[in-house]
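# Fold and geometry: a report
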Amino acid sequence: MPPVVTVANLRKAYGPLVAVDDVSFEVEEGEIFGLLGPNGAGKTTTMECVEGVRKPDAGVIRILGHDPADRSDDLLRRIGVQLQEAQLQKRIRVWEAVDLWKTLFPETVDADGLLAELGLTEKRETKFMDLSGGQKQRLFIALALVNDPQVVFLDELTTGLDPQARRRIWELVLGMKERGKSVFLTTHLMEEAERLCDRVAIIEHGRLIEIGTAPELVRRHCPERTVHFSTADAATPELFSGVPGVSAIVHDGERFSLTGLGPDFISNVIERVAEHRLRVTDFRTETPTLEDVFLQLTGHSIRD
């Protein structure tokens, strides 16, 4: 199947500030694709250009074969958008907001069923100003889904939410994929990207610097693994120096940390421990994450 979103050589500048510079990527049908980067990296500008909210200075964008700048009725019926910053009239009730959005589309989903799915049934009579942050985010997701879109755009959907509300929304996004939707989201949260996304693209200073699945990026840029364990037996660093793949050994009394490469590195350490019948406690492995990849690629924290 052709990609549901195609972006080629996208550029957007605000005077001398180049916010997005020659960005290209594709979103495949049925996948959750994440655009990942620190605040100010160009994520929201890219998203808004793709949605048609902002006009790019250069490049080609297609959503389901349409140029979003044309704002065609066919395209608008098939996409759903949740913006990073949005507000509703403060006294509008939850059910009123959903009913209002339904009038914008010729075909919509069942409103009561949608509110139930999003855990908002008990809040249907509640005014917007009285909703919690997580409830407001779920309401905006409801508005993005009221037309049963094929492609859903979610911009920093869990920023500022508590962990419980964040995980509830993650479940909702994964539910979209299970129903065959394609999701394009932006985030600066590493755990969110690893939990939700089939593929991620990392953007920094307006340029894409890497793209792929989380495991691919970790293998490509942070292949080392570390094994930590403690033993009261008479073990020495020399005992492990010959383990295949070992690149570093840190020894502090009973505590050992071994770093190495290769798919069999951890198994090799376990075999050496068993060979010498060491009584081991507190055995654990440390695997790099997307945040480690970002540090490797950019030299600073994802939250900078």
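See the structure shown above.
Residues numbered from 1 in each chain as written. Predicted model: local features only at pLDDT ≥ 70, side-chain atom pairs only at ≥ 80, totals over all residues. Heavy atoms only, no water.

Time to look at the pairing of strand 1 (residues 5-14). Where a strand is regular, its side chains alternate between the two sheet faces. Sheet topology places strand 1 next to strand 4 (residues 58-63); 5 bridges connect them, and they run antiparallel. Each residue of the ladder has a partner; that of Val5, found in strand 4, is Ile63. As judged from the 7 bridges shared by strand 1 and strand 2 (residues 17-27), these two strands associate in the antiparallel manner. Considered in strand 2, the bridge of Leu10 is made with Val23. (Pairing = 2+ DSSP bridges. Helix = DSSP H or I, 4+ residues; strand = E, 2+ residues; numbered from the N terminus.)

Our focus in this paragraph is the sheet that holds strand 1. Pairing is antiparallel across the open sheet formed by 3 strands, whose spatial order is 2-1-4. Looking at strand neighbours, the two that pair on one side only are strand 2 and strand 4, the edges of this open sheet. The average angle at which neighbouring strand axes cross in this sheet is 20 degrees, direction not considered. With respect to the sheet, helix 1 (residues 43-51) is in contact with strand 1, strand 2 and strand 4, its orientation differing from that of strand 1 by roughly 120 degrees. (Axes fitted to C-alpha atoms, helices over the stretch in contact; angles between N-to-C directions. Contact = heavy atoms within 4.5 Å.)

The next thing to look at is the layout of surface pockets. The space that makes up the largest pocket amounts to roughly 440 Å³. Along the walls of the largest pocket sit 19 residues, with Gly80, Val81, Gln82, Trp101 and Leu143 positioned nearest its centre. Every element with two or more residues in the lining of the largest pocket is listed here: strand 5 (79-82) and helix 5 (133-145). With 4 residues, strand 5 is the single largest residue contributor to the lining of the largest pocket. Classifying every residue of the lining of the largest pocket gives 13 nonpolar, 4 polar and 2 charged. (1 Å grid on protein atoms, 1.4 Å probe; cavity = no way out; pocket = protein on both sides within 12 Å on 5 of 7 lines; lining within 4 Å. Points joined across faces, edges and corners; volume = space filled by probe spheres on them. Nonpolar A, V, L, I, M, F, W, Y, C, P; charged D, E, K, R; others polar.)

With respect to the element layout, Glu28 can be found in the loop between strand 2 and strand 3 (32-36). For the pair Glu28 and Pro3, spaced 25 residues apart in sequence, the C-alpha to C-alpha distance is 4.5 Å. If sequence neighbours within four positions are ignored, Glu28 has contacts with Met1, Pro3, Val4, Ser182 and Arg199.

On to the packing of aromatic side chains. The relative placement of two aromatic rings is captured by the distance of their centres and the angle of their planes. Enumeration over the complete set of coordinates arrives at 9 aromatic pairs. Three or more aromatic residues joined by ring pairs form one cluster here, namely Phe25, Phe33, Phe153 and Phe184. Stacked on the ring of Phe128, the Lys or Arg Lys136 has its end atom at 4.8 Å from the ring centre. (Phe/Tyr/Trp six-rings, centres within 6.5 Å; stacked < 30°, edge-to-face > 60°. Lys NZ or Arg CZ within 6 Å of the ring centre and 35° of its normal.)

Strands sit in the order 11-12-10-13 across an open sheet of 4 strands; the sheet is antiparallel. Strands with a single pairing partner mark the edges of an open sheet, and in this sheet they are strand 11 (246-252) and strand 13 (280-286). Between one strand and the next, the sheet's axes are offset by a mean angle of 15 degrees, whatever the strand orientation. Two elements, strand 10 (residues 225-231) and strand 12 (residues 255-260), share 6 bridges in a ladder whose sense is antiparallel. Bridged to Phe229 within strand 12 is Phe256. In the packing of helix 10 (residues 265-275) onto the sheet, contacts are made with strand 10, strand 11, strand 12 and strand 13, and the angle to strand 10 comes to roughly 20 degrees.

We now examine helix 1. An α-helical turn contains 3.6 residues, so a residue and the one three or four places further along point in the same direction. Burial analysis of helix 1 places 8 of its 9 residues in the buried class, the great majority of the element. For helix 1, every residue scored as buried is listed here: Lys43, Thr45, Thr46, Met47, Glu48, Cys49, Val50 and Glu51. (Buried < 20%, exposed > 50% of the residue type's maximum accessible area, 1.4 Å probe, protein only.)

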